[in-house]
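Residues per chain are reported as follows:
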Amino acid sequence: MFIDNKGANGSGLRSLTWYCQRVAINHLDSIYSVEGLPFSLIKCILEACSADTLLRLEQTSPTIQSETNGVWRRLCENTYKQFWSDYELGRIEEPKSWKVAFFELRTLEAEKFEQLGAKLRNQRVEHEERRKEREVRYASLLPPSKRQRTSTWSQSPTPKTLFEKARSKTAQIQKGVYAATKILPPMPQYKNYSAILPPRTASAKPLPPAPRPSTSIPATATLLKTSTLGLHSQALSTTSTPVHASSSSRSNPLGASTTTPTPSTPSTSPASSSAIPSPIPKSGIITVTRIMAPKPAPLETVPKRQRYMDPVLPQLARKFAKREAVMRERGIGKSSSTSTTTEPVASGGPKPPPPKKPDTVLFMPKHRVSSQLPSRSAAR
Amino acid sequence: MLKCQRDKAAELAEEWICMTSPDGFTFLVKGKVAIVSGTLKNSLTSGLGESQTKLIDMTERGAVVDKLVEFLAHKSIYDKKGATDVPDFTERIAPEIALELLMAADYYEGESSSGISKHKKADVSPSVTFTS
């Protein structure tokens, strides 16, 4: 390439031309034009140029375009070796212009590189996506649950329809509201009651004597007012003995008295034990004629258990209370006819209801307030 | 003819040659340095006007002539048999004058021969080297 004209004496000193060409090659980019220069001098310079520089110099120095075919040939040889090998092997014909061939080869190479680049880019993108899928991500919030868990252990499945939802909500409300305060009616415990008897004082009136079958002692009449409302619970007396009615009391409309014969007194008539109670008048006043009976034994002698815990009396009391309520609803009750008369004691019939005492209550639940008890004044 | 030129060259070695450029520069060069260039040697030993006046008119500009004369002097010193440690003259050439110097060097480095004119610088083969 260079003009290697070493000194004739073998001193190693080169020619000035050689030095100048070397300097020009070192500064190819600084060369603007080689117009006017003999091609023989600049050939080595042009051969050292790149394709772009050569193209530029050809454009600035048109006189060299006809002489640069060899330069382009050398460029093709140095740049596209595969093509040069094919050319040397005879597979490819010599092109008319090596300059054109060079740029065609360059275009093909650019397209090939573009395809390879796109392929590599896609592979890299795919690799990045795969890597991102494998990445562990940390989140502060839990993802929303897609569906509610419906396990077999749950008591009730989640409602789907509107009706089911409403039913479940009402059930929840009921459980929540009424669970704490369960209002249950009190269990009827007939043995739980206790008779409320007046205290035994000196000023207290003595108990009327028991009715005697032979004597005809006028009975003291005591009126018992029964309240229409509390008829079931507090109308009847708490005495355990049935009330006995005499036949003579029919003519005595007002002078009826309620007696509480002791259970120890024998019934004078067999029918007295099962007297059918008369319907309660509208006024609520029940008069019961006193049957002369032997003087009742003092209360202390009567066994307590027999007095207060007789199971028959509360049942009768309830029955009478119900009957009274029914009669009142139906509106039955002629006070004149029913107030004074008392049904005669039939033989083998039901016993009359026991006389009611204002202070005694046949059946009184425990939870009743004392104010709800019938007062003595009201009864009198 | 050649003997005559050799005798004349021996006589010129001790004389001073004046080289002038168009831009007004004048370079006084020893005869033995000037005759390193074959072209200059031919013109100084031809027996023509320049050989008698010892005055050479250069067509290159002063910067190029300066570098040319410098190279001629460099060569007259280091172009000897067995010379070692020859400094590289590439560093001493400015790239701005490389192409002009290339052309001048191509012209003035021609072998000294008779009949080569300065106007035919483009026809000078680069393979021609200076001869002593």
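About the criteria used
Residues numbered from 1 in each chain as written. Chains lettered and ligands numbered in written order. Predicted model: local features only at pLDDT ≥ 70, side-chain atom pairs only at ≥ 80, totals over all residues. Heavy atoms only, no water. Helix = DSSP H or I, 4+ residues; strand = E, 2+ residues; numbered from the N terminus. Expected span 1.5 Å × (residues − 1). Buried < 20%, exposed > 50% of the residue type's maximum accessible area, 1.4 Å probe, protein only. Contact = heavy atoms within 4.5 Å. Pairing = 2+ DSSP bridges. Phe/Tyr/Trp six-rings, centres within 6.5 Å; stacked < 30°, edge-to-face > 60°. Lys NZ or Arg CZ within 6 Å of the ring centre and 35° of its normal. Buried area = accessible area lost by both parts, 1.4 Å probe. Salt bridge = Lys/Arg side-chain N within 4 Å of Asp/Glu carboxyl O. Nonpolar A, V, L, I, M, F, W, Y, C, P; charged D, E, K, R; others polar. Axes fitted to C-alpha atoms, helices over the stretch in contact; angles between N-to-C directions. Core = buried A, V, L, I, M, F, W, Y, C linked by side-chain atoms within 4.5 Å.

1. Examining helix H5 (residues 62–78) of chain B
Here H5 of chain B spans 24 Å end to end across 17 residues, near enough to the 24 Å set by a 1.5 Å rise per residue. Those residues of H5 of chain B that fall on the buried side of the exposure criterion are Gly 62, Val 64, Val 65, Lys 67, Leu 68, Val 69, Glu 70, Phe 71, Leu 72, His 74 and Lys 75 of chain B. Buried-residue contacts for H5 of chain B involve helix H1 (16–26) of chain A together with strand S1 (16–20), strand S2 (26–30), helix H2 (31–34), helix H3 (38–44) and helix H6 (98–108) of chain B.

2. Considering the pairing of S1 of chain B
Residue and element names in this part refer to chain B. Across the five residues of S1, four count as buried, placing the element largely inside the fold. Judged from the five bridges that link them, S1 and S2 form a sheet pairing that is antiparallel. The residue of S2 that forms the bridge with Ile 17 is Val 29.

3. Section: the packing of aromatic side chains
Scanning all chains against the criterion turns up 14 aromatic pairs over all chains. When the centroid spacing of 5.1 Å and the interplanar angle of 40° are considered together, the rings of Trp 84 of chain A and Tyr 87 of chain A count as tilted. A residue pair is termed a helical-turn pair when its members lie 3 or 4 positions apart in one helix, as Trp 84 of chain A and Tyr 87 of chain A do in helix H5 (residues 81–88) at three residues. Here the two residues Trp 84 of chain A and Tyr 87 of chain A agree in accessibility, since each one is buried. Here the aromatic cluster, defined as three or more aromatic residues joined through ring pairs, consists of Trp 18 and Tyr 19 of chain A together with Phe 71 and Phe 89 of chain B. Geometry around Trp 18 of chain A places Arg 14 of chain A over its ring, the cationic atom sitting 4.3 Å from the centre.

4. Things to note about the interface of chain B and chain A
Reports often express the size of an interface as the amount of accessible area lost when the parts come together. The interface is formed by 28 residues belonging to chain B together with 25 residues belonging to chain A. Both faces combined, the contact of chain B with chain A buries some 2300 Å², and carbon together with sulfur accounts for 74% of it. In this structure, the connection of chain B to chain A is made through zero salt bridges. Secondary-structure elements contributing two or more residues to the side of chain B that touches chain A are H5 and H6 of chain B. At seven residues, the largest contribution of residues to the side of chain B that touches chain A is made by H6 of chain B. Of the residues assigned to the side of chain B that touches chain A, the class counts are 17 nonpolar, four polar and seven charged.

5. Here we look at unusual backbone geometry
Although it is not a glycine, Lys 54 of chain B adopts a positive phi angle of roughly 60°. Mapped onto the elements of the fold, Lys 54 of chain B is located in the loop between helix H4 (49–53) and strand S3 (55–57).

6. Some words on the sheet that holds S3 of chain B
All names here are of chain B. Strand order in this open sheet of three strands is S2-S1-S3, and the pairing throughout is mixed. Strands with a single pairing partner mark the edges of an open sheet, and in this sheet they are S2 and S3. Going across the sheet, the axis of each strand differs from the next one's by a mean of 25°, ignoring polarity. Examined bridge by bridge, S1 and S3 share three bridges and lie parallel to one another. The residue bridging Thr 20 from the neighbouring strand is Asp 57, located in S3. Relative to S2, H5 is tilted by about 10°, and along the sheet it contacts S1 and S2.

7. Overview of the nonpolar core
Counting residues in each nonpolar core, the largest one holds 62 residues, and the members touching the most others are Leu 16, Ile 31, Ile 42, Ile 45 and Leu 46 of chain A together with Met 19 and Ile 93 of chain B. The element contributing the most residues to this core is H6 of chain B, with eight residues. In this structure Ile 42 of chain A touches Val 34, Leu 37 and Ile 64 of chain A, once residues within four positions along its chain are discounted.

8. Digging into the environment of Leu 28 of chain A
All names here are of chain A. Inspection of the secondary structure puts Leu 28 in the loop between H1 and helix H2 (39–47). Distance from Leu 28 to Thr 53, taken between C-alpha atoms, is 7.9 Å for residues 25 residues apart in sequence. Those residues in contact with Leu 28 that lie beyond four places of it in its chain are Ile 45, Ala 48, Cys 49, Thr 53 and Arg 56.

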